Amino acid sequence: MSNKILVPIDFSENANTAVQFAIDLAKKRGFDIHLYHNYTVSSSTFDDVNSDSSDDNFKADVLMADLIEKLKANNPTIVFTSKCERGIITESLLKKRKILLIRLLSWVPRVKQMIPV
């Protein structure tokens, strides 16, 4: 079983910093990285109604796919996985039992309390 670093992201600059920190740690320790996002009002729809994006995809799905593609290209030795889903992040993470939580690097800036893991 591989060890994973869980990085909750909201596609902000703070999240990008946390992702880079996770990459540095993953390289040193041989860990995989799992990016996790809960949909919000701003990440579920595109601002431009004339956008070329498919109606089947939420904005966050497109942003996540682009981010994962970029990260894999720049860091070929690291295994990246991701998940975007509905829900409140504090509740969703407590339900995740398949992901081994090795390091909790970042929380979405709006979340004030850490969840015990």
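Residues numbered from 1 in each chain as written. Predicted model: local features only at pLDDT ≥ 70, side-chain atom pairs only at ≥ 80, totals over all residues. Heavy atoms only, no water.

Caption draft 1: Focus on the nonpolar core. Counting residues in each nonpolar core, the largest one holds 22 residues, and the members touching the most others are Val 7, Ile 9, Ile 33 and Leu 35. For this core, the secondary structure elements donating two or more residues are β1 (4-8), α1 (13-29), β2 (32-38), α3 (59-74) and β3 (80-85). Ranked by residues supplied to this core, first place goes to α1 with seven residues. (Core = buried A, V, L, I, M, F, W, Y, C linked by side-chain atoms within 4.5 Å. Buried < 20%, exposed > 50% of the residue type's maximum accessible area, 1.4 Å probe, protein only. Helix = DSSP H or I, 4+ residues; strand = E, 2+ residues; numbered from the N terminus.)

Caption draft 2: Spotlight on the side chain of His 34. Counting through the fold element by element, His 34 comes out in strand β2. For His 34, the side chain forms a polar contact with the side chain of Thr 81, separated by 2.6 Å. (Polar contact = N/O pair within 3.5 Å; in protein donor to acceptor, adjacent residues only side chain to side chain.)

Caption draft 3: Representation of α3 within the structure. Taking 1.5 Å per residue, 16 residues should reach 22 Å; α3 reaches 23 Å between its end C-alpha atoms and fits that length. Every buried residue belonging to α3 is among Lys 59, Ala 60, Met 64, Leu 67, Ile 68 and Leu 71, and all of these are buried. Take α3 and look down its axis: the buried residues cluster within an arc of 155 degrees, on one side only. Along α3, the residues that are exposed and aim more than 90 degrees away from the buried face are Glu 69, Lys 70 and Ala 73. (Expected span 1.5 Å × (residues − 1). Arc of directions from axis to C-beta.)

Caption draft 4: Region of the structure containing the pairing of β1. Counting buried positions along β1 gives four out of five residues, so the element sits mostly inside the fold. As paired strands, β1 and β2 are joined by five bridges and run parallel to one another. Bridge pairing in β2 links Val 7 to Leu 35. Crossover β1 to β2 through α1 is right-handed. (Pairing = 2+ DSSP bridges. Right-handed = clockwise from strand over helix to strand, strands pointing away.)

Caption draft 5: Molecular detail of α1. Helix length check: α1 (17 residues) gives 24 Å between terminal C-alpha atoms against 24 Å at 1.5 Å per residue, within 8%. For α1, the full list of buried residues reads Ala 15, Ala 18, Val 19, Ala 22, Ile 23, Leu 25 and Ala 26. The N-cap of α1, judged by a side-chain oxygen 3.4 Å from the amide nitrogen of Asn 14 a few residues on, is Ser 12. Positive backbone phi, at 75 degrees, marks Gly 30, one or two positions downstream of α1.

Caption draft 6: The arrangement of the pairing of β2 in detail. Counted residue by residue, β2 has seven buried out of seven residues, so it is predominantly covered. Of the two faces of β2, the one holding Asp 32, His 34, Tyr 36 and Asn 38 and the one holding Ile 33, Leu 35 and His 37 are both buried throughout. Alignment of β2 against β3, held across six bridges, turns out to be parallel. Opposite Leu 35, over in β3, you have Ser 82 as the bridge partner.

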